[in-house]
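The primary structure of each chain is shown beneath.
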Amino acid sequence: VRLTGEKVESGQIGLCLSQVSADHPEFFWLSRKYSYHYEGNDTVIQLYSYISGSECETLSHQLQQKINSLMDQIPPDSSELQREKYLYDWIANNCQYDQTGETAEENWRAYSLVGCLLDGEAVCEGYARTLQLLLNQTGILCRCITGTAGDGGHMWNMAKIEGEWVHVDLTWDDTSSPVLLYRYFNVSDEKITQTHTPSGDFTA
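First, a word on what this report is: a plain description of the structure on this page. Residue numbers restart at each chain and count upward from 1, following the sequence in its written direction. Per-residue local features of the predicted model are confined to residues with pLDDT of at least 70, and side-chain atom pairs are confined, for both listing and counting, to 80 or more; whole-chain, interface and lining totals are unaffected and use all residues. No hydrogens and no water enter the side-chain calculation; it runs on all heavy atoms of the structure.

1. Focus: the pairing of strand β8 (residues 164-168)
Let me state the cut-off plainly: By definition, two strands form a pair when at least two bridges between them are found by DSSP. Each helix is a run of H or I in the DSSP string that is no shorter than four residues. Each strand is a run of E no shorter than two, and both are numbered from the N terminus.
Here five bridges tie strand β7 (residues 152-161) to β8, and the two strands are oriented antiparallel to one another. By the bridge assignment, N157 is partnered in β8 with V168. The turn joining β7 and β8, which pair antiparallel and follow one another in sequence, is formed by two residues; a positive phi near 50° is taken by E162. Relative to strand β9 (residues 185-187), β8 runs antiparallel, the two sharing two bridges. Bridged to V168 within β9 is F185.

2. With respect to the side chain of N157
Basically, it comes down to this: Nitrogen and oxygen atoms within 3.5 Å of one another constitute a polar contact, given that in protein one can donate a hydrogen and the other can accept it, and given that sequence-neighbouring residues count only through two side-chain atoms. Every residue pair with non-hydrogen atoms within 4.5 Å of one another is taken to be in contact.
Following the sequence through the fold, N157 ends up in strand β7. Within polar-contact distance, the side chain of N157 engages the backbone oxygen of A128 at 3.0 Å. Not counting residues up to four positions away in its chain, the partners in contact with N157 are A128, L131, Q132, C142, R143, C144, I145, V166, H167 and V168.

3. A word on the pattern of salt bridges
Just so we agree on the cut-off: In what follows, salt bridge is the name for a side-chain nitrogen of Lys or Arg lying within 4 Å of a carboxyl oxygen of Asp or Glu. Throughout, exposure labels follow a simple rule: accessible area from a 1.4 Å probe, protein chains only, divided by the maximum for the residue type, with under 20% read as buried, over 50% as exposed, and the rest as partly exposed.
Inspection of the entire model under this criterion finds seven salt bridges. Where R2 meets E39, a salt bridge forms, and the shortest distance between an N and an O atom there is 2.7 Å. Of this pair, R2 sits in strand β1 (residues 2-3) while E39 sits in strand β2 (residues 30-39); the two residues are 37 residues apart in sequence, bridging distant segments of the chain. We note a salt bridge from R129 to E125, for which the minimum N-O separation is 2.9 Å. Note that R129 and E125 are positioned in helix α5 (residues 124-137) at a spacing of four residues, about one turn of the helix. Accessibility classification places R129 together with E125 in one group, the buried group. One salt-bridge network, held together by shared partners, links R2, E39 and D42.

4. Focus: the environment of P178
Looking at the secondary structure, you find P178 in the loop between α6 (170-173) and β9. What makes P178 exposed here is its relative accessible area of 83%. Distance from P178 to N93, taken between C-alpha atoms, is 9.6 Å for residues 85 residues apart in sequence.

5. A short note on the packing of helix α2 (residues 53-72) against α5
The cut-off we apply is this: Note on method: axes are straight lines fitted to C-alpha atoms, helices fitted across the in-contact stretch only, with angles between N-to-C directions ranging 0 to 180 degrees. To sort the angles, those under 35 degrees are grouped as roughly parallel, those over 145 as roughly antiparallel, those from 65 to 115 as roughly perpendicular, and the leftovers as oblique. Helix crossings fall into two classes, left-handed where the near helix is turned counterclockwise from the far one by less than a right angle and right-handed where it is turned clockwise.
At a minimum axis separation of 11 Å, α2 and α5 run at an interaxial angle of 55°. One way to sum up the angle between α2 and α5 is to call them oblique. Relative to α5, α2 is oriented so that their crossing is right-handed. In contact with I67, L70 and M71 of α2, α5 contributes L133, L134 and Q137.

6. So, the side chain of T130
As for its placement among the helices and strands, T130 is situated in helix α5. Within polar-contact distance, the side chain of T130 engages the backbone oxygen of G126 at 2.7 Å. Here T130 is in contact with I91, S112, L113, C116 and L117, once residues within four sequence places are set aside.

See below:
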């Protein structure tokens, strides 16, 4: 990527890359690594992929088949809440939390749609990105929220349901319990901030 007539610092590049990734979960192949250099007044940025082009094409096709199948199972006259709950339940019933503790560079699949939709195993980021993409596919606005919860970094969602923005944390609801408790399903700012702290970018 060449930015003409502008010298961009590393921190700005990293922030931009993370924001693009947060807005586009379909870019599951995009690595968090990058390099850059200056040519005159231009900034030239080298991006990297976790996988080859052919592997990306294969996984993209498999993901689209899975997504199309899910969309076909949702009744066309469903309300936003019904569509959201169906997808929430489906992910909880078909994915479990990845306990390996590896980083994204070591196990990128668990941090993406691939882990959640194809492998049935993901970390919070994989859960959140998958719910974001699926809700968006049904016409519901949804975004990923980064911050802290428990003992470390965390990602969850905010969705606009029936005109109201609410917090959704499927990772914390998808426990070992045989019953999904919906403790963090469509909760308010007041409720979520009892246990979660959004990063400054989102509180602003």
